[in-house]
Amino acid sequence: MTGSQVPLLSVLKGETCSPPPMWLMRQAGRYLPEYREVRKTVPSFLDLCLTPKLAAEVTLQPLRRFPFDASIVFSDILIVPFALGQPVAFVEGEGPKLDPVGDGAALARLDPAVAATKLSPVYETVERVVAELPDKVPLIGFCGAPWTVATYMVEGAGSKDQAAARALAYRDPSLFQAMIDMIVETSTIYLLGQVAAGSRALQIFDSWSGSLPEDAFARWCIAPTKEIVARVKQQVPEIPIIGFPRGAGPSAVRYARETGVDGVGCDTSLPLAWVREELQSLVPVQGNLDPVLLAAGGPELDVRVAQILEELSQGQFIFNLGHGILPYTPIEHVERLVRLVKGVSAG
Ligand code: CP3
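Residue numbers here run from 1 along each chain, matching the order of that chain's written sequence. Under the rules for a predicted model, residues below a pLDDT of 70 receive no local features and side-chain atom pairs below 80 are neither given nor counted, while totals for whole chains, interfaces and linings still include all residues. By convention in this description, side-chain values take in all heavy atoms of the structure and omit both hydrogens and water.

Moving on, we get to the sheet that holds strand β6 (residues 241-245). The seven strands are arranged β1-β4-β5-β6-β7-β8-β9 in an open sheet whose pairing can be described as parallel. Across the chains shown, the open sheet's two edge strands, defined by having one partner strand only, are β1 (71-72) and β9 (317-321). Bridge analysis of β1 against strand β4 (residues 139-144) gives two bridges, and the strand direction is parallel. Considered in β4, the bridge of Ser71 is made with Leu139. Residue contacts are counted whenever heavy atoms from the two residues lie within 4.5 Å of one another. Between N-to-C directions, angles span 0 to 180 degrees; the directions come from axes that are lines fitted to C-alpha atoms, helices contributing only their stretch in contact. Starting at the N terminus, helices and strands are each numbered in turn, a helix being any DSSP run of H or I of at least four residues and a strand any DSSP run of E of at least two. Against the sheet, helix α16 (residues 299-312) contacts β8 (285-289) and β9, and its axis sits at roughly 160 degrees relative to β8. By this definition, two strands are paired if DSSP reports at least two bridges between them.

This brings us to the site of the ligand. Whether a residue is near a molecule or strand depends on its heavy atoms: if one lies within 4 Å, it is near. Around the ligand there are 22 residues in total, and Arg26, Arg30, Tyr35, Asp76 and Ser207 lie nearest to it. Two N or O atoms form a polar contact when they lie within 3.5 Å of each other; inside protein one atom must be a possible hydrogen donor and the other a possible acceptor, and for residues adjacent in sequence the pair counts only when both atoms belong to side chains. Measuring from an oxygen atom of the ligand, one finds a side-chain N or O atom of Arg39 at 3.0 Å. Using a 1.4 Å probe, the Shrake-Rupley method yields the accessible areas, and only the shown protein chains count as cover for residues. Relative to its unbound accessible area of 870 Å², the ligand is 88% covered by the protein chains. For each structure, a 1 Å grid was placed over the protein atoms alone; sets of points admitting a 1.4 Å probe that cannot get out are labelled cavities, open sets with protein on both sides within 12 Å along at least five of seven lines are labelled pockets, and lining residues have an atom within 4 Å of a point. If over half the atoms of a molecule are within 2 Å of the grid points of a cavity or pocket, the molecule is regarded as sitting in it. Most atoms of the ligand, that is more than half of them, are within 2 Å of grid points of the largest pocket. Contributing elements (two or more residues each) for the shell around the ligand: α2 (33-40) and β3 (95-98). Just so you know the grouping, Ala, Val, Leu, Ile, Met, Phe, Trp, Tyr, Cys and Pro go in nonpolar, Asp, Glu, Lys and Arg go in charged, and all remaining residues, Gly too, go in polar. Looking at side-chain class alone, the shell around the ligand contains 13 nonpolar, five polar and four charged residues.

A few words on the state of the cysteines. Two cysteine sulfurs form what is called a disulfide whenever their separation falls within 2.5 Å. Tallied over the full model, the rule gives zero disulfides. Here Cys266 is not disulfide-linked; the sulfur of Cys221 is the nearest cysteine sulfur, at 16 Å.

Tracing the chain through its elements places Glu278 in helix α14 (residues 272-279). Judged by relative accessible area, which is 35%, Glu278 ranks as partly exposed. Placed 26 residues apart in sequence, Glu278 and Ala252 show a C-alpha to C-alpha distance of 9.2 Å. The classification of residues rests on relative accessible area computed with a 1.4 Å probe and restricted to protein chains. Under 20% of the type maximum is buried, over 50% is exposed, and intermediate values are partly exposed.

Turning to the nonpolar core, a few remarks are in order. In plain words, nonpolar cores are sets of buried Ala, Val, Leu, Ile, Met, Phe, Trp, Tyr and Cys residues tied together by side-chain atoms within 4.5 Å. Leu289 and Phe319 are the most contacted members of the largest nonpolar core, which totals 126 residues. No other element matches helix α11 (residues 173-196), which puts 10 residues into this core.

Let us now look at the packing of aromatic side chains. Here a pair means two rings of Phe, Tyr or Trp (six-membered ring of Trp) with centres within 6.5 Å. Their orientation is stacked below 30 degrees between planes, edge-to-face above 60, and tilted elsewhere. If you walk through the whole model with that rule in mind, you get 11 aromatic pairs. A ring pair is formed by Phe176 and Trp220, whose centres lie 4.8 Å apart and whose planes are at 90 degrees; its orientation type is edge-to-face. Placement of Phe176 in helix α11 and of Trp220 in helix α12 (residues 214-235) is noted, with a sequence separation of 44 residues between them. On the accessibility criterion, Trp220 (2% relative accessible area) is buried. Through successive ring pairs, a cluster of aromatic residues spans Tyr35, Phe45, Phe74 and Phe90. Our definition puts a charge over a ring when NZ of Lys or CZ of Arg is within 6 Å of the ring centre and also within 35 degrees of the ring normal. The cationic tip of Lys118 hangs over the ring face of Phe82; the distance from NZ or CZ to the ring centre is 4.7 Å. When the ring centre of Trp208 is taken as reference, the NZ or CZ atom of Arg246 above it lies at 4.9 Å.

Further remarks concern α12. The first and last C-alpha atoms of α12 sit 30 Å apart over 22 residues, in line with the 32 Å expected at 1.5 Å per residue. Take the seven residues that end at a residue and the seven that start at it, fit an axis to each, and the angle between those axes is the bend at that residue. The sharpest bend along α12 reaches about 30 degrees and sits at Ile222, with the proline Pro224 one to four residues further on. Within α12, the full set of buried residues consists of Ala216, Phe217, Ala218, Trp220, Cys221, Ile222, Pro224, Thr225, Ile228, Val229, Val232 and Lys233. Contact partners of the buried residues in α12: α9 (146-155), α10 (163-171), α11, β5 (201-206), β6 and α13 (251-259). Helices are assigned an expected span. That span is 1.5 Å times one less than the residue count.

On to the pattern of salt bridges, then. What counts as a salt bridge is simple: a side-chain nitrogen of Lys or Arg found within 4 Å of a carboxyl oxygen of Asp or Glu. A complete count under the given rule lists 14 salt bridges for this structure. The partner of Glu92 in a salt bridge is Arg39, with the nearest N and O atoms 3.3 Å apart. On the criterion of sequence distance, the pair formed by Glu92 in the loop between β2 (88-91) and β3 and Arg39 in helix α2 is long-range, its members being 53 residues apart. With relative accessibility at 63%, the residue Glu92 sits in the exposed group. Linking Asp262 and Lys233 is a salt bridge whose minimum nitrogen-to-oxygen distance equals 2.7 Å. Residue Asp262 is located in the loop between α13 and β7 (263-265), and its partner Lys233 is located in helix α12; the two are separated by 29 residues in the primary sequence.

Written out as structure tokens, the structure is:
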């Protein structure tokens, strides 16, 4: 293997590693039977996130099966609104439900001061995981990007087009800015807490950045992400940060130039040659296998993995999916993927 001791960190510092480091977004989760077993022992998904012993266990589960080059702490992006005091529930089969924040009075009920303590179970999870991991497998800490987190806070649920959040941002930009500022503040504290506990890289998930036109993208995706990156790096300059502006399309270039992130996650839709020429020339890139193709398997999977490696593995590259792994993904397909990326000898 070329590249130094910790492949993921080497790539984010600008080295090229062959084979590229790999991990999968949502690599801990329902496609693993051992996850489903642990999940059954707690009443809710949020209880799992807030019980460090169990959260650490499920974080480590995929690493016991697959030789991934990174671990990602088991938590959720909606832990931040929860910590701010907004009621959050994960309803089986329906996804997250929150009491929507639609006006200044609702926003005023949220409190960044109490958030810090409510997030502390996640720091304990990080400590427990790091104690178990070999040095060459760093733990990634994460948060949701302010825009994506705000969409859930305003909509009260996941949505197809984030129309309620977009409407609020257009109708009352100062209220929306106050909400974004509160999320920036809390997310910065949250990421720094995860780093203090032992996370060696960070990822900021902007799952819904694709729903904004370019000026709103600059204002609500780039600017708050840039602020979090600057504030985190002011305290810990050496921590690498991956940004994942899902759906950003060509705006991912501006995102890479302006936010200060050390790597950019690419979603499934971005063409490989474009990623190589326009993005990888600026920053290390991560991605972008279609999670549906991983679940489908078969010869098309082999073909696509080879294409991704051919286009991107000459430069700074982290192999990943273009979005989270799907719960119905057969484990054998993940095993096959690992063999394809790491070479047959890796087992
Ligand atoms: O990657 C990992 O292994 C770490 C864990 C992780 C989870 N969520 C666990 C989870 C991470 C990094 C996330 C991020 C997350 N959460 C995002 C950003 C990435 C993306 O997918 O776009 C978003 C938008 C959320 C919000 C969220 N959490 C939704 C919409 C849902 C319900 C949909 C679903 O898949 O059920 C969740 C629940 C959730 N988060 C689960 C897991 C394992 C499933 C809940 C369960 O096991 O009961």
